[in-house]
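Residues per chain, in single letters:
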Amino acid sequence: MKQFLKSFLFRMMAAVSALLIGLMIYAATTGGAATIPETLVGAVVTPIQSLFAALSDGIGEFTVLFSDSGRLTKEMAEKDEIINELRKQSVESDEIRRQLELYKAFLELKERKPDLKFAEGRVVAMEPSDKYYNFTVNAGTRDGVEAGNPVITPAGLVGVVYEAGLTFSKVRTILDPATQISVWTSGTHDGGMLSGSRIGVTDSVRMTRLDRNTGAVSGDIIITLGGGKKYPADLMVGQITEVYAASDGLSLSATVKPFADISKLSDVFVIIGFAEKDELE
């Protein structure tokens, strides 16, 4: 209200009003409005008529705009509902695509390793601050999972179950120093131990206890040696990127780059059973 009283429009209206009052007084003292010059009356009245016409048009436009805003709000709500439904369908489509890719990978694994028995698991928790990317999956003892079961993806070995609950399992990745796996090179069959020591920021691990006379070189494939009732042989692990002298001076070590991208896991397979080699022969 204070802003209106200070506005130019209010000042103009006040001036016009004062002028009209003056004319009325003039007319009353001189014998009537007829003595007022028509040009003067027109000069005063015409702007006032224009002003009120503009105000009337503005009020009409505001009324139309107000009524249209309700319609626009309704249309926007309907469009938002359509967009939300499309987003929901997109999420469902992505989930179906993920499931198809998972089943395809499962079938490929079964073709390569027909003796393996799997429990499908989805990563449901991964601690961001854990530099070894240890994680939890939604498969547990009711699915046949036990502590010590290896965990893989179609790309290769990613870790070992260290705790199994009814509906979940906690997995320690091969990057974790607590993980110790007997492995060998596919080319020379030289054995060693995958120590699980993460190297640098490349998520590589260390293979230790290589014989000094080993023929292992960069590019060799590392696979599991097997042993025991829970760990099958010939699971793909990674590839050697470097061979170097160990700190003890008696053996060699190798840097191994895992085939699986352990930092970006979403779906895995827990090996819950397998046939020994002599059972297959």
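Residues numbered from 1 in each chain as written. Predicted model: local features only at pLDDT ≥ 70, side-chain atom pairs only at ≥ 80, totals over all residues. Heavy atoms only, no water.

Colleague: Looking at this structure, how should I read the pairing of strand 8 (residues 205-210)?
Modeller: Pairing of strand 7 (residues 191-194) with strand 8, which is carried by 2 bridges, proceeds in the antiparallel orientation. The residue bridging L194 from the neighbouring strand is M207, located in strand 8. Sheet analysis places strand 8 next to strand 11 (residues 252-258), joined by 4 bridges and oriented antiparallel. Bridge pairing in strand 11 links V205 to V256. (Pairing = 2+ DSSP bridges. Helix = DSSP H or I, 4+ residues; strand = E, 2+ residues; numbered from the N terminus.)

Colleague: What exactly am I supposed to notice about the packing of aromatic side chains here?
Modeller: To describe a pair of aromatic rings, one takes the distance between the centres and the angle between the planes. Applying the stated rule across the entire model yields 1 aromatic pair. With 5.5 Å between their ring centres and 55° between their planes, F118 and F269 make a pair best called tilted. Placement of F118 in strand 1 (residues 117-126) and of F269 in strand 12 (residues 267-273) is noted, with a sequence separation of 151 residues between them. Like F118, the residue F269 is buried in the burial classification. The ring centre of Y162 lies 4.4 Å from the NZ or CZ of R172, which sits over that ring. (Phe/Tyr/Trp six-rings, centres within 6.5 Å; stacked < 30°, edge-to-face > 60°. Buried < 20%, exposed > 50% of the residue type's maximum accessible area, 1.4 Å probe, protein only. Lys NZ or Arg CZ within 6 Å of the ring centre and 35° of its normal.)

Colleague: What's the story with the sheet that holds strand 6 (residues 181-185) in this structure? I'm lost.
Modeller: In sheet architecture, strand pairing relies on hydrogen bonds along the backbone and comes in two forms, parallel and antiparallel. Pairing in this closed barrel of 6 strands is antiparallel, and the strands run 6-7-8-11-10-9 around the ring. Taken pair by pair, the neighbouring strands of this sheet meet at an average axis angle of 40°, ignoring direction. In terms of strand pairing, strand 6 meets strand 7 through 4 bridges, oriented antiparallel. The residue of strand 7 that forms the bridge with V183 is G192. (Axes fitted to C-alpha atoms, helices over the stretch in contact; angles between N-to-C directions.)

Colleague: Please clarify how the side chain of T255 should be interpreted in this entry.
Modeller: One can find T255 in strand 11. For T255, a relative accessible area of 8% translates into the label buried. Sequence-distant contacts of T255, that is, excluding residues within four places in its chain, are made with I199, S204, V205, Q239, I240, T241, E242 and Y244. (Contact = heavy atoms within 4.5 Å.)

Colleague: Whenever I open this one, unusual backbone geometry confuses me. Can you help?
Modeller: Most peptide bonds are trans, and most residues other than glycine sit at a negative phi. Of note, the phi angle at R209 is positive, near 65°, even though the residue is not glycine. Turning to its location among the elements, R209 is positioned in strand 8. What makes R209 exposed here is its relative accessible area of 60%. You will see that D234, though not glycine, has its phi angle at about 65°, which is positive.

Colleague: Quick question: what am I supposed to make of the sheet that holds strand 3 (residues 150-153) here?
Modeller: The sheet built from 6 strands closes into a barrel, its strands ordered 1-2-5-4-3-12 with antiparallel pairing. Each strand of the sheet is rotated relative to its neighbour by a mean of 45°, with strand direction disregarded. Sheet topology note: the strand 2 (residues 135-137)/strand 5 (residues 169-173) ladder contains 3 bridges and is antiparallel. The residue bridging T136 from the neighbouring strand is K170, located in strand 5.

Colleague: Looking at this structure, I do not really get the environment of I222. What am I missing?
Modeller: With respect to the secondary-structure elements, I222 resides in strand 9 (residues 221-224). Given the relative accessible area of 0%, I222 is considered buried. Along the backbone, I222 and M236 are 14 residues apart, and their C-alpha atoms lie at a distance of 6.5 Å. Once you skip the residues sitting within four places of it in the chain, I222 turns out to touch V183, W184, T185, M207, L235, M236, V237, G238, I240 and V256.

Colleague: Is there a simple way to explain the pattern of salt bridges in this structure?
Modeller: Side-chain pairing between opposite charges can occur once the charged atoms of the two side chains come close. Taken as a whole and assessed by the stated rule, the structure comprises 2 salt bridges. Its salt-bridge partner being D267, residue R122 comes within 4.0 Å of it at the nearest N-O pair. With R122 in strand 1 and D267 in strand 12, the pair connects residues that are 145 residues apart, well separated along the chain. For R122, a relative accessible area of 32% translates into the label partly exposed. With relative accessibility at 12%, the residue D267 sits in the buried group. Across the pair K170 and E163 runs a salt bridge, and its minimum N-O distance is 4.0 Å. Overall, the relative accessible area of 33% leaves E163 in the partly exposed class. (Salt bridge = Lys/Arg side-chain N within 4 Å of Asp/Glu carboxyl O.)

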